[in-house]
Amino acid sequence: MSRPKVLIAMKFIPEIAIDLLRKRFDVEVCDSIQVTRAEIMKKVPGKFAIFCSPLNKIDEELIKTAGPSLKVVGTFSVGYDHVDLNAMKKYGIRLGYTSDISTEAVAETTVGLLIATTRRFFEANHAVKTGGWKEVTFIWTCGRGIKNSVVGIVGCGNIGTSIAKKLKTFEISQLLYTSRTEKPAVKALGGKLVAIDELVEQSDFIILSATLTEDTKFIINKERIAKMKSHAVLVNIGRGELIDQDALIEALQEKRIGGAGLDVMTPEPLPLDSPLMKMDNVVLLPHIGSASIETRTEMAILTAKNIIAVLDNTTMPKEVQF
């Protein structure tokens, strides 16, 4: 009897995760560095499971192409806005994800991105490498410190809470956050639950760690950007579409806010001719929030275990309910 088949729609997955799957499945790994949709559509028919990432759009067309053998999608991510949940429900396909594992790695990236942006690290580094480090004035490459500032966190789940804990050690003056409900752990840090408009008006540093939904899409829009302080720094480690990027570009070009640190953007990869690429007051990272070796390995193992659980008809370690 032939074994069920898994398609891993990415390259360079830790071998420990692939070995787990090979014990129970025939495993096919896409061998392109940048896996195209065409390649996935060609390989997906007859598969029991798809091991994917946010770079892979899982929609009804792909599900229908896979056929009735497809029982589970395991996404190598916390977010799952790349998956059509209605189509998944329609065809009875389960969805596993990797919530919680990446919390600390993403929080570390956020703090690093915030510091690099507000203290102008990349701009200063560029000056060192291009001969700009010559006559140094009193204010040359000066940025704003975090101590005594007001920090606002938009979306205070596990990642937002971890960010809050880390930034509290910087002796900030006030911690504001938005969430559907009050977070006891953040309240214990002195955090205050506020409306989004109050947060953007009062914060020196605004951090986006919300999940992308229809309600949060463009939660930072032209009107809210207009309410920000002129020196405010906006950091996004959630999803690109939490921000109206055109409105952000306009505000940055006109120096109406202090700067932006973006680990996520729209689209990804960001085109080389994007105005964001040319701005001194912007720090860009290529969606590396969870990119520590330890975290990525744990995420891969969990994705494999989520897929195996469906084969065994048991509870997934981490399953999206819909």
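Residues numbered from 1 in each chain as written. Predicted model: local features only at pLDDT ≥ 70, side-chain atom pairs only at ≥ 80, totals over all residues. Heavy atoms only, no water.

**Concerning the sheet that holds strand β12 (residues 282-284)**
Note: strands within a sheet are paired through backbone hydrogen bonds, in either parallel or antiparallel orientation.
Here's step 1: Pairing within the open sheet is parallel, and its seven strands lie in the order β8-β7-β6-β9-β10-β11-β12. The sheet is open, and its two edges are formed by β8 (191-193) and β12, each paired on a single side. Within the sheet, the average angular offset between the axes of one strand and its neighbour, ignoring direction, is 15°.
Here's step 2: Of the strand pairs in this sheet, strand β11 (residues 259-262) and β12 are connected by three bridges, and their pairing is parallel. Pairing of A260 across the sheet is with V282, part of β12. (Pairing = 2+ DSSP bridges. Helix = DSSP H or I, 4+ residues; strand = E, 2+ residues; numbered from the N terminus. Axes fitted to C-alpha atoms, helices over the stretch in contact; angles between N-to-C directions.)

**As for the packing of aromatic side chains**
Here's step 1: Under the defined criterion, the tally for this structure stands at three aromatic pairs.
Here's step 2: Taking the ring centre of F218 as reference, the NZ or CZ of K217 above it sits at 5.7 Å. (Phe/Tyr/Trp six-rings, centres within 6.5 Å; stacked < 30°, edge-to-face > 60°. Lys NZ or Arg CZ within 6 Å of the ring centre and 35° of its normal.)

**So, helix α5 (residues 103-118)**
Here's step 1: Here α5 contains 16 residues, and its C-alpha end-to-end distance of 23 Å stays within 8% of the 22 Å for a straight helix at 1.5 Å per residue.
Here's step 2: Along α5, twelve of the 16 residues are buried, which leaves the element largely enclosed by surrounding structure.
Here's step 3: At the exit of α5 stands R120, carrying a positive phi of roughly 60°. (Expected span 1.5 Å × (residues − 1). Buried < 20%, exposed > 50% of the residue type's maximum accessible area, 1.4 Å probe, protein only.)

**Some words on the nonpolar core**
Here's step 1: Counting 32 residues, the largest nonpolar core has I220, M228 and L248 as its most contacted members.
Here's step 2: Secondary-structure elements contributing two or more residues to this core are β6 (150-154), α9 (196-202), β9 (205-208), α11 (245-253) and β11.
Here's step 3: The greatest single-element share of this core, amounting to five residues, is contributed by α11.
Here's step 4: Once residues lying within four places of it in the same chain are set aside, the contact partners of M228 are V200, I206, I220, L234 and I257.
Here's step 5: Listed in part, the 24 residues of the second largest apolar core include A107, L113, L175 and Y177. (Core = buried A, V, L, I, M, F, W, Y, C linked by side-chain atoms within 4.5 Å. Contact = heavy atoms within 4.5 Å.)

**With respect to the pairing of strand β7 (residues 174-178)**
In summary, the side chains of a regular strand alternate between the two faces of the sheet.
Here's step 1: In terms of burial, β7 is largely enclosed, as four of its five residues are buried.
Here's step 2: In terms of strand pairing, β6 meets β7 through five bridges, oriented parallel. Bridging from a neighbouring strand, V154 pairs with T178 of β7.
Here's step 3: Regarding topology, helix α7 (residues 158-168) serves as the crossover connection from β6 to the parallel β7, and that connection is right-handed.
Here's step 4: As judged from the three bridges shared by β7 and β8, these two strands associate in the parallel manner. Bridge pairing links L176 to K192 in β8. (Right-handed = clockwise from strand over helix to strand, strands pointing away.)

**So, the sheet that holds strand β1 (residues 5-8)**
Here's step 1: Read across the sheet, five strands follow the order β2-β1-β3-β4-β5 without closing on themselves; strand pairing throughout is parallel. Because the sheet does not close on itself, it has two edges, and the strands there are β2 (26-29) and β5 (94-96). The mean inter-strand angle of the sheet, taken between neighbouring strand axes irrespective of direction, is 15°.
Here's step 2: As defined by bridge partners, strand β4 (residues 72-75) adjoins β5 across three bridges and the pair is classed as parallel.

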